[in-house]
Amino acid sequence: VLIYTADATIYNTSYYLQDGSDPTKYNLEETVLTNSKTGYSVNAVINSYEGYTHNPSATNTKLTGTVEANGTLHLHVYYDANTNTGYKVEHYLEQADGSYVVKDTENLTGKTNTKVTAVSKTYAGYTFNNSIEGTLESGIVASDGSLVLKLYYTLNEHPSIAVNASYKVEHY
């Protein structure tokens, strides 16, 4: 909510986040309108965006200015994607009953808002199978570290279970 006074002027502060696929590009996240007195020097508020770090030297950065009566002051604040944002890769192995259990979990890091692809492992007696429902081989690194990639491996041979097998016991 803005409260206007007779000698006040609005100025804008726009916040930009680095694009995940093109590090030279920044996308507008939000613009904040602020009420101030004409002629006052103002500083942009440096906000916190999860997965991003403020970059004061980005091109077109404008962190300070003087409020003009015509309302033309527009501050620009830029944030670079962090390169150490966490994500996980879970490796699931099929059990004899057809269910899957987690064998390994890899805790990895990547650049916020960029695509990552999991690398399958080799497990004796198992084959990686990307057609299993729930498989997620790649995804975009979420700024909050919530991305979980899931790889599934099927048993190469299911153990045989003899049903109603006949057998003979011999005593010597």
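Let me sum up the structure you'll find in this document. Because the structure is predicted, anything quoted here is derived from the model rather than measured.

Overview of the sheet that holds strand 4 (residues 52-54)
- Spatial ordering of the open sheet is given by 2-1-6-4, a layout of 4 strands whose pairing is mixed. Pairing within the sheet leaves two strands with one partner each, and these edge strands are strand 2 (26-37) and strand 4. Neighbouring strand axes in the sheet, compared pairwise and without regard to direction, differ in orientation by 25° on average.
- Bridge count for strand 4 against strand 6 (residues 74-81) is 3 bridges, and the pairing is antiparallel. What sits directly across from H54, in strand 6, is Y79.

Things to note about the side chain of E90
- Considering the arrangement of structural elements, one finds E90 in strand 7 (residues 85-94).
- Within the buried set, E90 has no salt-bridge partner at all; the shortest N-O distance to an opposite charge, 4.3 Å, is to K150.
- Here Y92 takes part through its side chain, which lies 2.5 Å from a polar atom of the side chain of E90.
- Ignoring any residue separated from it by four or fewer positions in sequence, one finds E90 in contact with D104, T105, V148, L149, K150 and L151.

Quick look at the pairing of strand 8 (residues 100-110)
- As paired strands, strand 7 and strand 8 are joined by 10 bridges and run antiparallel to one another. In the strand pairing of strand 8, V89 is matched with E106.
- Once strand 7 ends, the chain turns through 5 residues before running back antiparallel as strand 8, passing G98 with a positive phi of about 90°.

A short note on the sheet that holds strand 12 (residues 148-155)
- In spatial order, the strands read 8-7-12-10; together these 4 strands make up an open sheet with mixed pairing. Every other strand in the sheet has two partners, leaving strand 8 and strand 10 (126-128) as the edge strands with one partner each. Each strand of the sheet is rotated relative to its neighbour by a mean of 25°, with strand direction disregarded.
- In terms of strand pairing, strand 10 meets strand 12 through 3 bridges, oriented antiparallel. Looking at strand 12, one finds that Y126 is bridged to L155.

With respect to the pattern of salt bridges
- A complete count under the given rule lists 1 salt bridge for this structure.
- Close ionic contact of K121 with D104 constitutes a salt bridge, the shortest N to O distance being 3.6 Å. Here K121 is found in the loop between strand 9 (115-117) and strand 10, whereas its partner D104 is found in strand 8, with 17 residues between them in sequence.
- On the basis of relative accessible area, K121 is assigned to the partly exposed category, the value being 32%.
- By relative accessible area, which is 24% here, D104 ends up partly exposed.

What to know about the nonpolar core
- If you look at the biggest cluster of nonpolar residues, it comprises 13 residues, and the most contacted ones within it are Y11, V42, Y49, Y52, L73, L75 and Y79.
- It is strand 6 that provides the largest number of residues to this core, a total of 4 residues.

Quick notes on the rules
Every chain is numbered independently, its residues counted from 1 as its sequence is written. With pLDDT at 70 or above as the cut-off, local features in this predicted model cover only qualifying residues; side-chain atom pairs require 80 or more to be listed or tallied, and sums for whole chains, interfaces and linings still use all residues. Note that the side-chain values use all heavy atoms of the structure and ignore hydrogens as well as water. Pairing between two strands requires that DSSP report at least two bridges joining them. Only DSSP runs of H or I covering at least 4 residues are called helices, and only runs of E covering at least 2 are called strands; the numbering of each starts at the N terminus. Only C-alpha atoms enter the line fits that serve as axes; for helices the fit covers just the stretch in contact. Angles between N-to-C directions range over 0 to 180 degrees. Three exposure classes are used, based on accessible area relative to the maximum for each residue type with a 1.4 Å probe and protein chains only: buried under 20%, partly exposed in between, and exposed over 50%. Only four residue types enter the charge count, namely Lys and Arg as positive and Asp and Glu as negative; His and the chain termini do not. When a carboxyl oxygen of Asp or Glu is within 4 Å of a side-chain nitrogen of Lys or Arg, the pair counts as a salt bridge. By the criterion applied in these results, polar contacts are pairs of N or O atoms within 3.5 Å in which, for protein atoms, one can donate a hydrogen and the other can accept it, and in which residues neighboring in sequence qualify only through two side-chain atoms. Residues count as neighbours in contact if any of their non-hydrogen atoms are within 4.5 Å of one another. By nonpolar core is meant a set of buried Ala, Val, Leu, Ile, Met, Phe, Trp, Tyr and Cys residues that side-chain atoms within 4.5 Å join together.

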